[in-house]
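Working through the structure, step by step
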Amino acid sequence: MRLLFLAVLRRHTGNAITAQRVRDHLEAAGHVCILKDALDFESPSEISSFIKAESLEAAMALHLYRGGRLLPGHGIPFGIIFGGTDLNEDVKQGEKNKVMGKVLEEARFAVAFTESMKETAQRQWKYRKQDRSHWLSHARSWHRGAQKADPHAKDKIYVQSQGIATVPSTTFNWNTFLQRSEINQSADNLHVFLLICGLREVKDPLYLVDAFSEWHREEPNVYMVIVGPEVDPVFTREVKAKVKRTAGVRLIGEMAQEDLHAVVKNCFAVVNSSVSEGMSAAILEAMDLEVPVLARNIPGNAAVVKHGVTGLLFSSPQEFVRLAKRLGGDPALEKQIVANGREYVRMYHSWQVERNTYGHLVRMLEGSSED
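What you see is a predicted model; the values in this text were computed from it and never measured.

Here we take up the domain arrangement of the chain. Reports of interface size often rely on the accessible area that becomes lost once the parts have come together. According to the domain assignment, the chain contains domain 1 (2–127 + 154–163 + 351–365) and domain 2 (174–349). Averaged C-alpha coordinates put domain 1 and domain 2 at centres separated by 29 Å. Taken together, the contact pairs 19 residues of domain 1 with 18 residues of domain 2. Counting the surface lost from both domain 1 and domain 2, the interface buries some 1400 Å², and carbon and sulfur atoms represent 55% of this. The interface formed by domain 1 and domain 2 includes 0 salt bridges. For the interface between domain 1 and domain 2, the tally reads 6 residue pairs in polar contact (both at pLDDT 80 or more). Split into classes, the residues belonging to the side of domain 1 that touches domain 2 amount to 4 nonpolar, 11 polar and 4 charged.

It is worth spelling out the packing of helix α8 (residues 209–218) against helix α13 (residues 317–328) at this point. It is the contact of α8 with α13, at a shortest axis distance of 9 Å, that shows an interaxial angle of 40°. One way to sum up the angle between α8 and α13 is to call them oblique. Judged by residue contacts, Ala 211, Phe 212, Trp 215 and Glu 218 of α8 engage Pro 317, Phe 320, Val 321, Ala 324 and Lys 325 from α13. Its residues assigned to classes, the contact of α8 with α13 shows 7 nonpolar, no polar and 2 charged.

It is worth spelling out helix α11 (residues 281–288) at this point. In terms of burial, α11 is a largely internal element, 8 of the 8 residues being buried. Buried within α11 are the following residues: Ala 281, Ala 282, Ile 283, Leu 284, Glu 285, Ala 286, Met 287 and Asp 288. Just downstream of α11 lies Glu 290, where phi reads positive at about 65°.

In this section: the pairing of strand β7 (residues 191–196). The element β7 is largely enclosed, with a buried count of 5 among its 6 residues. Relative to strand β8 (residues 222–227), β7 runs parallel, the two being bridged by 6 bridges. When the bridges of β8 are listed, Leu 194 appears paired with Val 225. On the question of chirality, the crossover connecting β7 to the parallel β8 by way of α8 is right-handed. Judged from the 3 bridges that link them, β7 and strand β10 (residues 269–272) form a sheet pairing that is parallel. Residue pairing for β10: Leu 194 is matched across the bridge by Val 270.

Definitions and cut-offs
- Residues numbered from 1 in each chain as written.
- Predicted model: local features only at pLDDT ≥ 70, side-chain atom pairs only at ≥ 80, totals over all residues.
- Heavy atoms only, no water.
- Domains from an automatic or database assignment.
- Contact = heavy atoms within 4.5 Å.
- Buried area = accessible area lost by both parts, 1.4 Å probe.
- Salt bridge = Lys/Arg side-chain N within 4 Å of Asp/Glu carboxyl O.
- Polar contact = N/O pair within 3.5 Å; in protein donor to acceptor, adjacent residues only side chain to side chain.
- Nonpolar A, V, L, I, M, F, W, Y, C, P; charged D, E, K, R; others polar.
- Axes fitted to C-alpha atoms, helices over the stretch in contact; angles between N-to-C directions.
- Helix = DSSP H or I, 4+ residues; strand = E, 2+ residues; numbered from the N terminus.
- Parallel < 35°, antiparallel > 145°, perpendicular 65-115°, else oblique.
- Buried < 20%, exposed > 50% of the residue type's maximum accessible area, 1.4 Å probe, protein only.
- Pairing = 2+ DSSP bridges.
- Right-handed = clockwise from strand over helix to strand, strands pointing away.

Below is the structure:
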């Protein structure tokens, strides 16, 4: 099939990386997948013209509102992948909620990264929850049934966690990175806490800054480095101004994924302070790279971080500092968390299982496109 895949493709953001990975899965299944930035299209009519010009037979979108709103009404089957902010933030806005409900109704399937995301969607749009044994093991029989499926079926939301594969750069130089970050201390005595996020309010990169700076004044060998693209220009200016006048905190622009994985591997811990998350790839990549994780205690993070087992969860900046100090002073705890985190990713975030899942799901579009 020839597929259109819509997502917001800001460079080096989680959404862009997820979309590129899923596109690779679809192409590995033998399809032609044209990945386009949803922001490049101003109206459904532009999508219609593109679909005709490219002879597209089906479509997918990452994010129920940003990508999904452009897909209904074009006469081709489509599937949706929830992003996170669509379920956690956009549902609070009446018009967006209405649009997303229509998109979900028309979609042949929807993918949630976690059971809690699936439950949120079912609760929000009152979709009937139906008990199933693991759907993937029945993919063949489902595919046969998909050709006769009701396009408005209520049990169309499937859970597939993000598949993780890390590839740290072999030529990356940690000392050069520290110099770029203006950290002029010996690497042997440093504890660098890495916060990876696009600079926008929902990621709340300033949440820990004051508390961390106070800790840095007590212990000058601890630093927090914020790494990520400038997504919101106005908010980016606010972040830059705050970091510039704050001791112990540094801000670095976007990085290639291989270099970022190398930074993660060299840092002491990865931090997530978001107000809202679907499923943080940065957290999972840190676990895969055997680096401890400290994450804000929100549903999206708590779905992948079990406190004291695969990472540490905090509910205030003060609790973050307390837990970070505990982690730094307890090598046994660090070793245990790292081992459990790596095992968790291996068991539940397999890249190959994710590839198999999308290969099966896209066949549901293939079947329905022949109706």
